[in-house]
Amino acid sequence: MKETPAKKPGEDPASEASLDGKPYRSPVVAVLGVGSYTPERVLNNEDLERMVDTSDEWIVTRTGIRERHIISEEQATSDLGIEAGKRALAQAGLSAGELELILLATATPDQITPATVCHIQRELGAPRAAGFDMNAACTGFVNALMTGHQLIAGGGFANALIIGADALSTITDYEDRESCVLFGDGAGALVIGAGDGPGVVMDHIVGMDGTGAEMIRVNAGGSRQPASHETIERREHFLRMDGRKVFRFAVAKICELVEEVTTRNGLSLDDIDLIVPHQANLRILEAARRGLGLDADRVMANVDRYGNTSNASIPLALDEAAREGRLQPGMLVILVAFGGGLTWGATLLRW
Ligand code: ACO
């Protein structure tokens, strides 16, 4: 891996660190460890054929998804995050007791209050850690990574555990064939901090457009429409979406974000070794890949085995890429997310 100057958090906020002589925006914060976890139970397309009017052939052709992992009755989102967090900490060689910050990106908290990250802190045994939950739908992980990065760079914290975890199966309507084939449960986590690790966090772009708020939504169970017998009867606690609109938005946004984060760091697409997009649908990934003119080996795809795991999908795919040896020292990697809100974000990493 290319040597990067070691800096203490808060030191030299206008970092002069460089990428092949070109300046980049953020002070040096490293990725110290990566981990992921998916529950044991697998729901495959044949199982879904028995639940709704669908077929393996339709699901594979339209989404590329073959199976997804689903939590057990005893599990909740925090349980997924705890396991992923433990694995990332082990890889980082950091004990939970040393953790200063835990950020959880989730759209499916264990309960409305307290924040799910509190359960994670307790079970990990991380008494020194502050933390909070963040919800930006499927973009939440990139937002959390950016927040953790900036809090460390600002000098307030030496390290952070950034977790993306979701149990979308708990808000999936298994009578709605258009959406129930898409989602799965899981968690992924990164430990970041000042120091030497396999990756360097370099830049982020995030954004949102609330005029698209209706495109992906859960109508009831919040303060707008509190839970009631009527909302339950109308199945309003389940996720609804306008699939075709989301599809078009996603493809355009992936291309736009990849180009923007590349250009503003003085790079070209040829410099980027791997893109790790939010795993929503293989056709979305393929359309974006073709739009960018990239070969298949430069876009990470594991949606076939996990479905759309929302906040977990990017760290889950990044962890898999690392374990498969697809991330070599010095490689440039872009994480790119889109989701309900509408929200979007991208992170540039040097591995
Ligand atoms: N099995 C069989 N047929 C189905 C199924 C199914 N599971 N679902 C829909 N169909 C039918 C439709 O009813 C429709 O039938 P019709 O022509 O008789 O009306 C037909 O298949 C085609 O439907 P389309 O909506 O045109 O299918 P499309 O190719 O657009 O694929 C899909 C639908 C997979 C939902 C796609 O639009 C998509 O992936 N969109 C993006 C979804 C997404 O990423 N959501 C993000 C969710 S939010 C989050 O990430 C948490």
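Residue numbers run consecutively from 1 along every chain, following the written order of its sequence. It should be noted that, the model being predicted, local features are given only for residues of pLDDT at least 70 and side-chain atom pairs only at 80 or more, the latter also being counted only at that level, while totals for whole chains, interfaces and linings use all residues. Computation of side-chain values: all heavy atoms of the structure, hydrogens and water removed.

A. Examining the pattern of salt bridges more closely. For this analysis, a salt bridge means a side-chain nitrogen from Lys or Arg found within 4 Å of a carboxyl oxygen belonging to Asp or Glu. Throughout the structure, instances matching the rule amount to 18 salt bridges. With a shortest N-O distance of 2.7 Å, Asp 47 and Arg 50 are connected by a salt bridge. Two residues, Lys 245 and Asp 242, come together in a salt bridge whose shortest N-O distance is 3.7 Å. Since its relative accessible area comes to 30%, Asp 242 is described here as partly exposed. Overlapping salt bridges bring together Asp 173, Glu 175, Asp 176, Arg 235 and Arg 240 as one network. Partly exposed describes any residue whose relative accessible area lies between the buried limit of under 20% and the exposed limit of over 50%, with all areas from a 1.4 Å probe on protein chains only and scaled to the type maximum.

B. Structural detail: the environment of Met 215. With respect to the element layout, Met 215 can be found in the loop between strand S10 (199-208) and strand S11 (216-218). Sequence separation of Met 215 and Gly 164 is 51 residues, and the distance between their C-alpha atoms is 22 Å. Setting aside its immediate chain neighbours within four residues, Met 215 contacts Arg 240, Met 241, Asp 242, Lys 245, Val 246 and Leu 342. Strands here mean DSSP runs of E at least two residues long; helices mean DSSP runs of H or I at least four residues long; both are numbered from the N terminus. In what follows, residue pairs with any heavy atoms lying within 4.5 Å of each other are defined as contacts.

C. How the structure looks around the site of the ligand. For each residue, the test is whether any non-hydrogen atom lies within 4 Å of the molecule or strand; if one does, the residue is near. Around the ligand, a shell composed of 23 residues is seen, among which Thr 54, Arg 62, Cys 138, Arg 244 and Asn 281 lie nearest. One nitrogen or oxygen atom from the side chain of Thr 54 is found 2.7 Å from a nitrogen atom belonging to the ligand. Within 3.5 Å is the distance limit for a polar contact, defined as a pair of N or O atoms, with the added protein rule that one can donate a hydrogen and the other accept it, and that residues adjacent in sequence qualify only through two side-chain atoms. The separation between an oxygen atom of the ligand and a polar side-chain atom of Trp 58 is 3.3 Å. Contact with the protein chains removes 78% of the 1,000 Å² of surface that the ligand exposes when unbound. Here the accessible surface of atoms and residues is derived via Shrake-Rupley with a 1.4 Å probe, and residues count as covered only by protein chains that are part of the display.

D. Quick look at helix H5 (residues 140-153). Between its terminal C-alpha atoms H5 stretches 20 Å, which fits the 20 Å expected from 14 residues at 1.5 Å a residue. H5 sits mainly inside the fold: 11 of its 14 residues count as buried. Within H5, burial applies to Gly 140, Phe 141, Val 142, Asn 143, Ala 144, Leu 145, Thr 147, Gly 148, His 149, Ile 152 and Ala 153. Once H5 ends, the next one or two residues include Gly 155, with phi positive near 100°. Multiplying 1.5 Å by the residue count of a helix minus one yields the expected span of that helix.

E. Structural context of the pairing of strand S8 (residues 159-167). A large share of S8 lies buried, amounting to nine of its nine residues. Here S8 shows a buried face lined by Asn 159, Leu 161, Ile 163, Ala 165 and Ala 167 and a second buried face lined by Ala 160, Ile 162, Gly 164 and Asp 166. Pairing between strand S6 (residues 101-105) and S8: four bridges, direction parallel. Looking across to S8, one finds that Ile 102 is bridged to Leu 161. By definition, two strands form a pair when at least two bridges between them are found by DSSP. As judged from the nine bridges shared by S8 and strand S9 (residues 185-193), these two strands associate in the antiparallel manner. Along S9, the bridge assignment pairs Ala 160 with Ile 192.

F. Structural view of the domain arrangement of the chain. The start and end points of each domain follow an automatic or database-based domain assignment. For the chain, the domain assignment lists domain 1 (26-198) and domain 2 (202-350). The C-alpha-based centres of domain 1 and domain 2 are spaced at 14 Å. Listed as interface residues are 53 residues of domain 1 and, on the opposing side, 46 residues of domain 2. Broken down residue by residue, the surface that domain 1 buries against domain 2 is led by Cys 138, Val 142 and Ile 171, which jointly contribute 16%. Seen at the junction of domain 1 and domain 2, the total is four salt bridges. Each of two parts loses accessible area, computed with a 1.4 Å probe, when they are put together; buried area is these two losses added.

G. Seen up close, the packing of aromatic side chains. Two rings from Phe, Tyr or Trp (for Trp, the six-membered ring) form a pair when their centres sit within 6.5 Å of each other. Planes less than 30 degrees apart are called stacked, planes more than 60 degrees apart edge-to-face, and all others tilted. Inspection of the entire model under this criterion finds two aromatic pairs. Ring plane angle 85° and centroid distance 6.5 Å describe the contact between Phe 249 and Phe 338, whose orientation is recorded as edge-to-face. With Phe 249 in helix H8 (residues 243-263) and Phe 338 in strand S14 (residues 332-339), the pair connects residues that are 89 residues apart, well separated along the chain. The pair Phe 249 / Phe 338 is uniform in exposure class, with both members buried. Within the aromatic cluster, the residues linked to one another by ring pairs are Phe 249, Phe 338 and Trp 344.

H. Inspection of a positive patch on the surface at higher detail. Taken together, the side chains of Arg 62, Arg 244, Arg 248 and Arg 283 make up a positively charged region of the molecular surface. Along the chain, Arg 244 falls in helix H8. Residues enter patches when they are more than 30% accessible in relative terms and free of salt bridges; like-charged ones are connected within 9 Å and nonpolar ones (Val, Leu, Ile, Met, Phe, Trp, Tyr) within 5 Å. His residues and chain termini do not enter the charge count, which takes Lys and Arg as positive and Asp and Glu as negative. The atom standing in for a charge is NZ when the residue is Lys, CZ when it is Arg, CG when it is Asp and CD when it is Glu.

I. Examining the nonpolar core more closely. In this structure, Ile 275, Ile 334, Val 336 and Leu 348 are the most contacted members of the largest nonpolar core, which totals 32 residues. Per-element accounting of this core gives the leading share, nine residues, to H8. Sequence-distant contacts of Ile 334, that is, excluding residues within four places in its chain, are made with Val 258, Val 261, Thr 262, Ile 272, Leu 274, Ile 275, Val 276, Ala 346, Thr 347 and Leu 348. Within this scheme, the nonpolar core is defined by two criteria: the residues are buried Ala, Val, Leu, Ile, Met, Phe, Trp, Tyr or Cys, and they are joined through side-chain atoms within 4.5 Å. Ranked by size, the runner-up nonpolar core spans 31 residues in total, among them Leu 101, Ile 162, Leu 274 and Leu 318.

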